[in-house]
There are 2 protein chains.
Amino acid sequence: MNACCTARIARRRTRSARAWCRARAPVRRITRVGLTMTDDVITLAMGSGGRCSAELIDTIFLPVLGNPALNALDDAAELRIEGARLAFTTDAFTVQPLFFPGGDIGSLSICGTCNDLAAKGAVPAAVAAAFIIEEGFPVEELKRIVRSMRESADMAGVHVVAGDTKVVRKGEADGLFIATSGIGSVMPGMRVSASLAREGDDILITGTIADHGIALLNTRERLGFTPEPRSDVGHVGEVVTRIAPLGARIHAMRDPTRGGVAGVLNEIARASGVTMILREDALPLRPEVRACCELLGMDPLYMPNEGKLLVIAEHGATSEILERIRGTRAGRDAAIIGSVGPRRRSGPAPLISLQTAIGARRFLPPPEGEQLPRIC
Amino acid sequence: MNACCTARIARRRTRSARAWCRARAPVRRITRVGLTMTDDVITLAMGSGGRCSAELIDTIFLPVLGNPALNALDDAAELRIEGARLAFTTDAFTVQPLFFPGGDIGSLSICGTCNDLAAKGAVPAAVAAAFIIEEGFPVEELKRIVRSMRESADMAGVHVVAGDTKVVRKGEADGLFIATSGIGSVMPGMRVSASLAREGDDILITGTIADHGIALLNTRERLGFTPEPRSDVGHVGEVVTRIAPLGARIHAMRDPTRGGVAGVLNEIARASGVTMILREDALPLRPEVRACCELLGMDPLYMPNEGKLLVIAEHGATSEILERIRGTRAGRDAAIIGSVGPRRRSGPAPLISLQTAIGARRFLPPPEGEQLPRIC
């Protein structure tokens, strides 16, 4: 643990943080079952990006709306229109608080959408934004958020080409929600999907994990950690453009947002029907984030990121891919963190395991319950 | 006034309806000024689709996010990607109640998005949907809404290819909001925009006006009108496909949702720099809707529609266009309701005027204030 970091944490803050943690039951300790679609009302856990979200999708959305593009459950759907190969994605952003170290709901909404397109191997072409605003929301804050959207859009070289604004009465929404959607042009040679991971592939991450989750937690719960953890909200598009020439050897890409690295890898493993093993000592983690996680009992593997990309590629290509990623501004801390194992056996066996620093092995199940509501 | 309709309205209901009306100050009677961007907080009026919405867009969004596609302020933006000519649109749906005679938030969200594409002369190719759900929302209602989305999507021949679900705590949203976005392929020969209306053009509407607004009002405020007014939620895509061969002679199309016919025509007149004149006796209006409007003191020209299209086209082509529209299921009540007049004089002169049945003329300013919050 980083002594400098922990020494500065007020005792009162630490106690309240621990209480917060217990109240929200860290992912790996949750044992409650049957809270999902046996319920007759929507629960917070169904928006967690974990097992309950998957059940919501599997039992309500896919049986009715299902089609090949939607069923792939990738970050973006792939379409062909008039011969153009396009990616199309949407996301609702309900993050709380709206402003946090490293970003705000504006930058988050643009980066989130552009990263979903990038994770499908696409260059963003246009973004649309729909705002749901609570009556009484400060105009100055809205202006700040819109400026932040513009800056993020400029960084991705994209315009916000369409928009909509709805205002609801006081108490009918919590400040501001933004739903963004994006269209992109899939780069030639790119054909990635959550269902294409193969045994023997390596798993890479483009940088440090858990930054966004810890930054949000520290701000929202006023935990007072110093140095103040900052969100990693940012674009991964440059990384994807750099590795695109190796596209044929890249099988799957995802940005590990809700559910974190463990959550998203569980989704890929499930879709591809494979197992995966991660190496704890290979996980890039900022010292202050590691310290916060240890103190709070949070598992960084389940904490969301907002400027990182998981890349699953042929073993023989990963050293070149890693070199290319490290040559970008967003990818300096990139690392190979594990590999894809054999196809899973039938039954409910865990898909992802972690080899710990002392050589033990622990399983990483899909997240269950809601660890951090309104994180994005 | 339809005696049958009014006779059945309980006196108590009528009083409460009149009180509701006064509280919300019908558009044409609003005289309050300075409630818009001189305020430092967002007001309900800024989501009305009227003057305050325009000011919000003009002062906050366009100066920062502006680009040619967004500045056009059409229902959908036009883009070229890899040679394909595409339309792209987004809308947030916050309608209350979620279920109403003739539709629900599910059908509304799909029809609204497909109609925005159709109004740009495009055939819908794909829709994406982002859900913001309040914790505790009934699963059965969500299932019903998702089924309704599927039915509406089938009618338009389109798939929901991407989605997102966020759940917020109880009290942080009001039941369910849906943001949908859509991509479409612009039909050859179609080049419509709000800025292309010209002097001498005719103004057509594809059917009866104000149906959605009156249906919502009757349901939400439990006014008890019988026969029960039904929303016109539906697709206008068939109409657009039928008139597409005359595309070169069609200059502008819009679906008159928020702000109604008068609101949307004000936007077109402003963008094109023209005036317009409507004929009251040409406006198609269901008897029960006319009766409700008269009783409540609501102006049907400002009431929203959700399955209608305004078409502004060369005078010489309108009889053929009208015939084609009337040949579709959605366009049986289509009518020519007015024409585009000379370019507007400088200054704040009203852009739209109505020739009443008795030959008088009244102006139709852009809607101001919020007549019907959460109508779509």
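Treat the numbers as computed from the prediction; the structure is a model and nothing was measured. (Residues numbered from 1 in each chain as written. Chains lettered and ligands numbered in written order. Predicted model: local features only at pLDDT ≥ 70, side-chain atom pairs only at ≥ 80, totals over all residues. Heavy atoms only, no water.)

With respect to the overall build of chain A
- Tallying secondary structure elements over chain A gives eleven helices and 14 strands in all.
- A sequence separation of at least 24 residues applies to 83% of the contacts in chain A between residues at least 6 apart.
- Surface exposure of chain A reaches about 13,800 Å², of which carbon and sulfur atoms provide 50%. (Helix = DSSP H or I, 4+ residues; strand = E, 2+ residues; numbered from the N terminus. Contact = heavy atoms within 4.5 Å. Areas by Shrake-Rupley, 256 points an atom, 1.4 Å probe, with all protein chains shown as cover.)

Regarding the sheet that holds strand E5 (residues 122–134) of chain B
All names here are of chain B.
- Strands sit in the order E1-E2-E7-E5-E6 across an open sheet of five strands; the sheet is mixed. Each edge of the open sheet is held by one strand with a lone partner, namely strand E1 (77–81) and strand E6 (160–168). Neighbour-to-neighbour, the strand axes of the sheet open up by a mean angle of 20 degrees, direction not taken into account.
- Pairing between E5 and strand E7 (residues 176–186): eleven bridges, direction antiparallel. For Ile132, the partnering residue across the bridge sits in E7 and is Phe177.
- Strands strand E2 (84–93), E5, E6 and E7 of the sheet are contacted by helix H5 (residues 105–118), whose axis makes an angle of about 145 degrees with E2. (Pairing = 2+ DSSP bridges. Axes fitted to C-alpha atoms, helices over the stretch in contact; angles between N-to-C directions.)

Comments concerning the sheet that holds strand E8 (residues 202–205) of chain B
All names here are of chain B.
- If you walk across this open sheet you meet the seven strands as E9-E11-E8-E12-E10-E13-E14, and the pairing is mixed. The open sheet is flanked by strand E9 (250–254) and strand E14 (361–363), the only strands paired with a single partner. Adjacent strand axes in the sheet meet at a mean angle of 25 degrees when their direction is disregarded.
- Direction of pairing for strand E10 (residues 274–279) relative to strand E13 (residues 352–355): parallel, over a ladder of four bridges. Within E13, the position partnered with Met276 by the bridge is Ile352.
- In the packing of helix H11 (residues 318–326) onto the sheet, contacts are made with E8, E9, strand E11 (310–313) and strand E12 (335–343), and the angle to E8 comes to roughly 5 degrees.

Quick look at the interface of chain A and chain B
- If you look at the interface, chain A gives 80 residues, while chain B gives 80 residues.
- Interface area for chain A against chain B, summed over the two sides, is near 6,700 Å², with a carbon-plus-sulfur share of 70%.
- For chain A, the biggest contributors to the area lost against chain B are A:Ile42, A:Phe88 and A:Lys166; these three give 10% of the whole.
- Remark: the boundary between chain A and chain B carries four salt bridges. (Buried area = accessible area lost by both parts, 1.4 Å probe. Salt bridge = Lys/Arg side-chain N within 4 Å of Asp/Glu carboxyl O.)

A short note on unusual backbone geometry
- Between A:Thr226 and the following residue, A:Pro227, the backbone shows a cis peptide bond with an omega angle of -10 degrees.
- Along the chain, the position of A:Pro227 falls in the loop between helix H7 (211–220) and helix H8 (237–243).
- The phi angle at A:Ala210 is positive, at roughly 75 degrees, despite the residue not being glycine.
- If you check the backbone angles, B:Leu73 has positive phi at about 50 degrees while not being a glycine.

Remarks on the packing of helix H3 (residues 51–65) of chain A against helix H6 (residues 139–156) of chain B
- Contact pair H3(A) / H6(B): the axes reach a minimum separation of 8 Å and the direction vectors enclose 25 degrees. The angle between H3(A) and H6(B) places the two elements in the roughly parallel class. Between H3(A) and H6(B) lies a crossing of right-handed hand. Contacts between H3(A) and H6(B) involve A:Leu56, A:Ile60, A:Phe61, A:Val64 and A:Leu65 from the first element and B:Val139, B:Leu142, B:Lys143, B:Val146, B:Arg147, B:Met149 and B:Arg150 from the second.
- A breakdown of the residues in the contact of H3(A) with H6(B) according to their chemical character gives nine nonpolar, no polar and three charged. (Parallel < 35°, antiparallel > 145°, perpendicular 65-115°, else oblique. Left-handed = near helix turned anticlockwise from the far one by under 90°. Nonpolar A, V, L, I, M, F, W, Y, C, P; charged D, E, K, R; others polar.)

Side note on the domain arrangement of chain A
Residue and element names in this part refer to chain A.
- Looking at the assigned domains, one finds that chain A contains domain 1 (75–186) and domain 2 (194–363).
- Computed over C-alpha atoms, the centres of domain 1 and domain 2 are 23 Å apart.
- With 22 residues of domain 1 in contact, the opposing surface of domain 2 contributes 21 residues.
- Three residues stand out in domain 1 for area buried against domain 2, namely Asp75, Pro101 and Asn115, and they jointly supply 32% of the buried area on that side.
- Counting the contacts that link domain 1 with domain 2 gives one salt bridge.
- Between Asp75 and Arg254 there is a salt bridge whose closest N-O contact spans 2.8 Å.
- At the boundary of domain 1 and domain 2, one finds seven residue pairs in polar contact (both at pLDDT 80 or more).
- Taken together, the elements giving at least two residues each to the side of domain 1 that touches domain 2 come down to strand E3 (99–100), helix H5 (105–118) and helix H6 (139–156).
- It is H5 that provides the largest number of residues to the side of domain 1 that touches domain 2, a total of nine residues.
- Partitioning the side of domain 1 that touches domain 2 into residue classes produces 13 nonpolar, seven polar and two charged. (Domains from an automatic or database assignment. Polar contact = N/O pair within 3.5 Å; in protein donor to acceptor, adjacent residues only side chain to side chain.)

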